[in-house]
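# Geometric and topological summary
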Amino acid sequence: LNEERVDFTHPFKFKTQKHLFNFNVWLKRHLRMKRKRPRDLPIAFGSQWWCLSRRTLEKILSDPLFDDYVQYFRKSWIPDESFFQSLAGKHSKNMNLQNLTFAYFDYRGAPYHFYDDHLETLQSLDSFFVRKAWIGAKDLYNFFLREGRAEYDEITGSSEKLKLYFQSCNE
């Protein structure tokens, strides 16, 4: 189904029209109704959380086929996990695939919420972002967004690691 996310058009919503969605996929598989992929665009898949350098984003937005790519991905399933990933692959020669977001999911696939008692664990991560901090986790917010951040970066060298990372992304 991964390749079929972009090779088939998906007019039905997976969550609210599941039977129609599944029938549509079955029918297109049975009739071999793949769409023609955009020329000169290697299709890539990845996380919906990513960062682009200004240079890469400018190249993507000034691509003469940009509107064609938008039209193509508009009818794809889960386009936020393939649109910019594909276009970045076309326009950037220096990609760092390190995931900057730490996300943890429970056994049902729901994102885990981080609380103040996770501060020590989160300090040990190399991630730049954390997905889902509880809104009431005041110690987490204070540490990472305000008070202890400069001291922590100085001790661990986190700022230097991030500077090197973003420098390599911008080259």
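The preceding data block contains the structure.
Description of the structure in this document. (Residues numbered from 1 in each chain as written. Predicted model: local features only at pLDDT ≥ 70, side-chain atom pairs only at ≥ 80, totals over all residues. Heavy atoms only, no water.)

Using the criterion set out here, one finds eight salt bridges in the structure. Linking Arg5 and Glu81 is a salt bridge whose minimum nitrogen-to-oxygen distance equals 3.3 Å. Of the two residues, Arg5 sits in helix 1 (residues 4-7) while Glu81 sits in the loop between helix 4 (66-74) and helix 5 (83-91), which places them 76 residues apart along the sequence. Using a relative accessible area of 9% as the deciding quantity, one classes Arg5 as buried. What you see here is one network of salt bridges that share partners, running through Glu3, Asp7, Lys34 and Arg37. (Salt bridge = Lys/Arg side-chain N within 4 Å of Asp/Glu carboxyl O. Helix = DSSP H or I, 4+ residues; strand = E, 2+ residues; numbered from the N terminus. Buried < 20%, exposed > 50% of the residue type's maximum accessible area, 1.4 Å probe, protein only.)

Turning next to a nonpolar patch on the surface. Residues Tyr115, Trp134 and Ile135 make up a contiguous nonpolar surface patch of about 350 Å² in total accessible area. Its location among the elements puts Tyr115 in the loop between strand 1 (101-102) and helix 6 (119-123). (Patch = residues over 30% accessible without salt bridge, like charges linked within 9 Å, V, L, I, M, F, W, Y side chains within 5 Å. Areas by Shrake-Rupley, 256 points an atom, 1.4 Å probe, with all protein chains shown as cover.)

Our focus in this paragraph is helix 5. Think of an α-helix as 3.6 residues a turn; residues three or four steps apart then line up on the same face. Within helix 5 the residues assigned to the buried category are Phe83, Gln85, Ser86, Leu87, Ala88 and His91. Of the surrounding elements, those touching the buried residues of helix 5 are helix 3 (54-61) and helix 4. (Contact = heavy atoms within 4.5 Å.)

One finds Val6, Leu41, Ile43, Ile60, Leu65, Phe66, Tyr69, Tyr72, Phe73, Phe83 and Leu87 forming the largest nonpolar core, which totals eleven residues. Elements represented by at least two residues in this core include exactly helix 4 and helix 5. Considering each element in turn, this core owes the most residues, four residues, to helix 4. Look past the residues within four positions of Ile60 in its chain and what remains in contact with it is Leu52, Phe66, Phe84, Leu87, Ala88 and His91. (Core = buried A, V, L, I, M, F, W, Y, C linked by side-chain atoms within 4.5 Å.)

Here the focus is the packing of helix 3 against helix 5. Close contact between helix 3 and helix 5 brings their axes to 9 Å; oriented N to C, the two are set at 100°. When the axis of helix 3 is compared with that of helix 5, the two are roughly perpendicular. On helix 5, the residues that touch Thr56, Leu57, Lys59 and Ile60 of helix 3 are Phe84, Leu87, Ala88 and His91. Of the residues that constitute the contact of helix 3 with helix 5, the class distribution is five nonpolar, two polar and one charged. (Axes fitted to C-alpha atoms, helices over the stretch in contact; angles between N-to-C directions. Parallel < 35°, antiparallel > 145°, perpendicular 65-115°, else oblique. Nonpolar A, V, L, I, M, F, W, Y, C, P; charged D, E, K, R; others polar.)

Our next topic: the packing of aromatic side chains. As enumerated under the stated definition, the model contains twelve aromatic pairs in all. Where Phe21 meets Trp77, the ring centres are 4.8 Å apart and the plane angle is 55°; that geometry is what we call tilted. Taken together, the residues Phe21 in helix 2 (residues 18-31) and Trp77 in the loop between helix 4 and helix 5 connect sequence positions 56 residues apart. With a relative accessible area of 18%, Trp77 lands in the buried category. An angle of 85° between the planes, with centres 5.6 Å apart, marks the rings of Tyr104 and Tyr112 as edge-to-face. What makes Tyr112 partly exposed here is its relative accessible area of 33%. Each member of the aromatic cluster is reached from another via a ring pair, and the members are Phe66, Tyr72, Phe73, Phe83 and Phe84. (Phe/Tyr/Trp six-rings, centres within 6.5 Å; stacked < 30°, edge-to-face > 60°.)

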